[in-house]
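If you want the building blocks of each chain, they are given just below.
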Amino acid sequence: MGLTGGIATGKSTVSEWFRQKGAAIVDADQVARRVVEPGSEGNRRVRERFGDGVFRATGELDRKALRNWVFGDAAARKDLNDILHPLIIRRMQAEVREAEKEAPDRPVILDVPLLIEERLTYLADIVVLVYIPEELQLKRLMDREGISGEEAKRMIKAQMPITEKKKFADVLIDNSGTRADTERQVDALWETLVSKSGSNRL
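Because the structure is a prediction, the values reported are computed rather than measured. (Residues numbered from 1 in each chain as written. Predicted model: local features only at pLDDT ≥ 70, side-chain atom pairs only at ≥ 80, totals over all residues. Heavy atoms only, no water.)

K.L.:
What am I meant to see in helix H5 (residues 74-102) here?
P.N.:
Count 3.6 residues to each turn of an α-helix, and residues three or four apart come out pointing the same way. The first and last C-alpha atoms of H5 sit 41 Å apart over 29 residues, in line with the 42 Å expected at 1.5 Å per residue. A bend of about 30° at leucine 84 is the largest found in H5, and the proline proline 86 appears one to four places after it. Every buried residue belonging to H5 is among Ala76, Leu80, Ile83, Leu84, Leu87, Ile88, Ile89, Met92, Glu95, Val96, Ala99 and Glu100, and all of these are buried. In this structure, the buried residues of H5 make contact with strand S2 (24-27), helix H2 (28-34), helix H3 (41-50), helix H4 (63-71) and strand S3 (108-111). N-capping of H5 is provided by aspartate 73, with a side-chain oxygen placed 3.2 Å from the backbone N of alanine 75. (Helix = DSSP H or I, 4+ residues; strand = E, 2+ residues; numbered from the N terminus. Expected span 1.5 Å × (residues − 1). Bend = angle between axes of the 7 residues up to and from the residue. Buried < 20%, exposed > 50% of the residue type's maximum accessible area, 1.4 Å probe, protein only. Contact = heavy atoms within 4.5 Å. Polar contact = N/O pair within 3.5 Å; in protein donor to acceptor, adjacent residues only side chain to side chain.)

Shown next, in the form of structure tokens:
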């Protein structure tokens, strides 16, 4: 199952609930960090392309320095994506296989913020979107980060609109109500996942 959402929609909370229920979670953000660890192929290739200036003395990637470089440079951003995306996908697929080998009947969930934007929906049998209306997304982001409406709007506009993401989802988890409302939807989806043998396989 591919789980995605937008900023401040509650995807991370929903992912954690599935983890507590027993799902194997393959977290794309964590995988992205692991593929550039010191000594890794990703670390070496990023250094070859971007130089020592985006690394700390420890050999760890300086994410802020790299982000500042690629933010305004489309060619550099493409180069970075070309280096890292295949490594991330390969690592995620390997983690799925490991999880299925350890417990064949255990649902496996790919937690991928950019599942739709990066056209990675093919990695999952079912795409689940944690959804809230854009006006509520704006309010929750302002409250969570303590930022202005204008700043929150800029952050939201940097992503694909949540309404657009709905078109690619097989299942919506509507997180606009109470915590109990969302938990009921998660419970129902969990029951479906565990009852359908093989539905969690890539």
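K.L.:
What exactly am I supposed to notice about H3 here?
P.N.:
Taken as a whole, H3 has its buried residues at Gly42, Asn43, Val46 and Phe50. Looking straight down H3, one finds that the buried residues subtend no more than 100° of arc, so they occupy a single side. Looking at the buried residues of H3, the elements they touch are H4 and H5. The positive-phi residue at the C-terminal boundary of H3 is glycine 51, with phi of around 85°. (Arc of directions from axis to C-beta.)

K.L.:
Is there a simple way to explain the packing of aromatic side chains in this structure?
P.N.:
Two aromatic rings, taken as a pair, are described by how far apart their centres are and by the angle between their planes. Counted under the stated rule, the structure contains two aromatic pairs. Ring geometry for phenylalanine 50 and tryptophan 69: centres 5.0 Å apart, planes at 90°, overall edge-to-face. With phenylalanine 50 in helix H3 and tryptophan 69 in helix H4, the pair connects residues that are 19 residues apart, well separated along the chain. Exposure remark for tryptophan 69: the relative accessible area of 35% places this residue in the partly exposed category. Seen from the ring of phenylalanine 55, arginine 47 lies directly overhead, with NZ or CZ sitting 4.0 Å from the centre. Here lysine 166 stacks its cationic end above the ring of tyrosine 131, 4.5 Å away from the centre of that ring. (Phe/Tyr/Trp six-rings, centres within 6.5 Å; stacked < 30°, edge-to-face > 60°. Lys NZ or Arg CZ within 6 Å of the ring centre and 35° of its normal.)

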